[in-house]
Amino acid sequence: MSGADEDAVAEDDAGAEDGVGADGVVGVDGDANADGDGATPERDDRARSTRREPVVVVVEPETPGNVGTIARAMKNFGLSDLKLVDPPELTEDGEAYGFAGHAREDVLPNADEVTFDEVVANYHTVGTTAITGEDDRSHERFPFKTPAELRESLKAVDAPTAIVFGREGRGLNNEELSRLDEVCSIPADDDYPVLNLGQAATVLLYELRELTVDETQLPDTAVTRAPEGDVERFHEFFGDFLAATGQREHVREKNALLMRRLLGRAHPTEREVHSLLGTFRKANAKLEHAEHLAAKYDEPVYPRE
């Protein structure tokens with residue numbers, strides 16, 4: 001969304017008197033469970049499958065490449081309905097289709113050209129902006145939601161919702177924002193909060209993915225902890241290793257506890273633990289052999305300091 005771009009994210013600095021920032025998305029307040037019951041994965045899945053997906057609207061985009069980038073982000077995060085207000089020409093051999101990736105097959109060619117009035121009349125609208133008001137003296141840009149706050153508020157609402165992005169250079173102006181229902185803005189560094197339009201759309205749609213994506217490419221479980229028997233065997237090997245170092249007993253006990261706490265937080269996988277077992281098995285064997293040689297040749301086991 002854009003700084004001066006009053007509603008889209010733009011590369012230009014916010015400067016127009018109406019300039020809107022980059023981050024806006026509109027949401028509706030409410031708990032994910034309006035009935036007060038605790039949320040469950042099953043309930044979330046059912047709500048996601050029945051909730052109407054938001055449409056994405058871009059007002060007077062200037063660069064075909066940004067339209068293609070937005071279409072690609074929509075494809076990435078489970079959205080398909082793109083609407084364009086007074087767009088540039090989008091040719092199949094042009095920049096928009098080149099930037100769209102697989103969205104060139106459906107999202108982009110199926111995009112509808114609409115008017116701003118039609119969007120306002122038919123949708124609950126969320127305007128995006130990089131520049132917000134400081135307080136309620138600026139009603140066009142305040143109050144506002146962050147993308148994460150918008151996601152949570154939309155969870156409780158089933159309404160036709162349009163996320164509206166503005167022009168690259170100027171965003172949505174104050175008059176346009178005043179006709180939209182809500183304002184959303186992406187938190188960014190105060191020195192330069194203005195994102196490129198395509199970047200802003202990608203960030204915002206990523207934050208909304210819980211509402212639009214049924215299943216990602218990631219496995220349900222990020223880590224499968226090694227069997228506890230293997231973990232305990234590692235602690236035995238590590239204890240033997242500490243004993244072979246010649247450390248005092250209280251130091252060995254402390255180091256053994258530190259290692260247990262470390263592995264407890266790390267949740268090592270079976271492969272990781274087996275690799276450590278092999279390493280310490282060899283290390284302990286070498287230390288045992290060193291003790292044997294030291295006894296045979298009447299040498300100290302540990303180097304003299």
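How each quantity is defined
Residues numbered from 1 in each chain as written. Predicted model: local features only at pLDDT ≥ 70, side-chain atom pairs only at ≥ 80, totals over all residues. Heavy atoms only, no water. Pairing = 2+ DSSP bridges. Helix = DSSP H or I, 4+ residues; strand = E, 2+ residues; numbered from the N terminus. Axes fitted to C-alpha atoms, helices over the stretch in contact; angles between N-to-C directions. Contact = heavy atoms within 4.5 Å. Core = buried A, V, L, I, M, F, W, Y, C linked by side-chain atoms within 4.5 Å. Buried < 20%, exposed > 50% of the residue type's maximum accessible area, 1.4 Å probe, protein only. Right-handed = clockwise from strand over helix to strand, strands pointing away. Phe/Tyr/Trp six-rings, centres within 6.5 Å; stacked < 30°, edge-to-face > 60°. Salt bridge = Lys/Arg side-chain N within 4 Å of Asp/Glu carboxyl O.

Participant: Run through the sheet that holds strand β5 (residues 161–165), naming residues and quoting values.
Facilitator: Across the sheet, which stays open at both edges, the six strands sit in the order β3-β2-β1-β5-β4-β6 with parallel pairing between neighbours. In this open sheet, the two edge strands, each paired with only one partner strand, are β3 (112–114) and β6 (182–184). Strand-to-strand, the axes of this sheet are offset by a mean angle of 30°, without reference to chain direction. Note: strand β2 (residues 82–85) against β3, three bridges, orientation parallel. In the sheet register, valine 85 faces β3, and the bridge partner there is valine 114. Of the strands in this sheet, β1 (55–59), β4 (124–128), β5 and β6 are in contact with helix α7 (residues 197–207), which crosses β5 at around 150°.

Participant: Before we move on, could you go through the nonpolar core and cite the residues and values that matter?
Facilitator: Val56, Ile70, Met74, Leu82, Leu108 and Leu205 are the most contacted members of the largest nonpolar core, which totals 30 residues. No other element matches helix α2 (residues 64–76), which puts five residues into this core. Leave out the neighbours within four places in its chain, and valine 56 touches Ile70, Met74, Leu79, Asp81, Leu82, Lys83, Ile163, Phe165 and Leu205. In this structure, Val85, Val114, Val119 and Leu172 belong to the second largest nonpolar core, which totals 13 residues.

Participant: Tell me about the pairing of β1, and name the residues and values.
Facilitator: With five of five residues buried, β1 is to be regarded as a mostly interior element. Because side chains alternate across β1, one face comprises the buried residues Val55, Val57 and Val59, and the other comprises Val56 and Val58, equally buried. As paired strands, β1 and β5 are joined by four bridges and run parallel to one another. Following the sheet pairing, valine 56 is matched in β5 by isoleucine 163. Of the pairings in the sheet, the one linking β1 to β2 comprises four bridges and is parallel in character. Pairing of valine 58 across the sheet is with leucine 84, part of β2. At this point the chain moves from β1, through α2, to the parallel β2, and the crossover so formed is right-handed.

Participant: Can you explain the packing of aromatic side chains? Please cite residues and give values.
Facilitator: Geometrically, a pair of aromatic rings is defined through the distance of the ring centres and the angle of the planes. The final tally for this structure, using the stated rule, is six aromatic pairs. When the ring of phenylalanine 238 is compared with that of phenylalanine 241, the centres are 6.3 Å apart and the planes differ by 20°; the resulting orientation is stacked. Taken as a pair, phenylalanine 238 and phenylalanine 241 lie in helix α9 (residues 228–244) at a separation of three residues, close to a single helical turn. Given a relative accessible area of 25%, phenylalanine 241 falls into the partly exposed group.

Participant: Got a sec to walk through the pattern of salt bridges? Specific residues and values, please.
Facilitator: When the charged atoms of two side chains with opposite charge come close together, those side chains can pair. If you walk through the whole model with that rule in mind, you get 16 salt bridges. Across the pair arginine 151 and glutamate 207 runs a salt bridge whose closest N-O atoms are separated by 3.0 Å. Of the two residues, arginine 151 is situated in helix α5 (residues 147–154) and glutamate 207 in helix α7; the sequence distance between them amounts to 56 residues. Judged by its relative accessible area of 12%, arginine 151 is buried. Three or more residues are tied together by salt bridges with common partners; here these are Arg151, Glu152, Lys155, Glu207 and Glu210.

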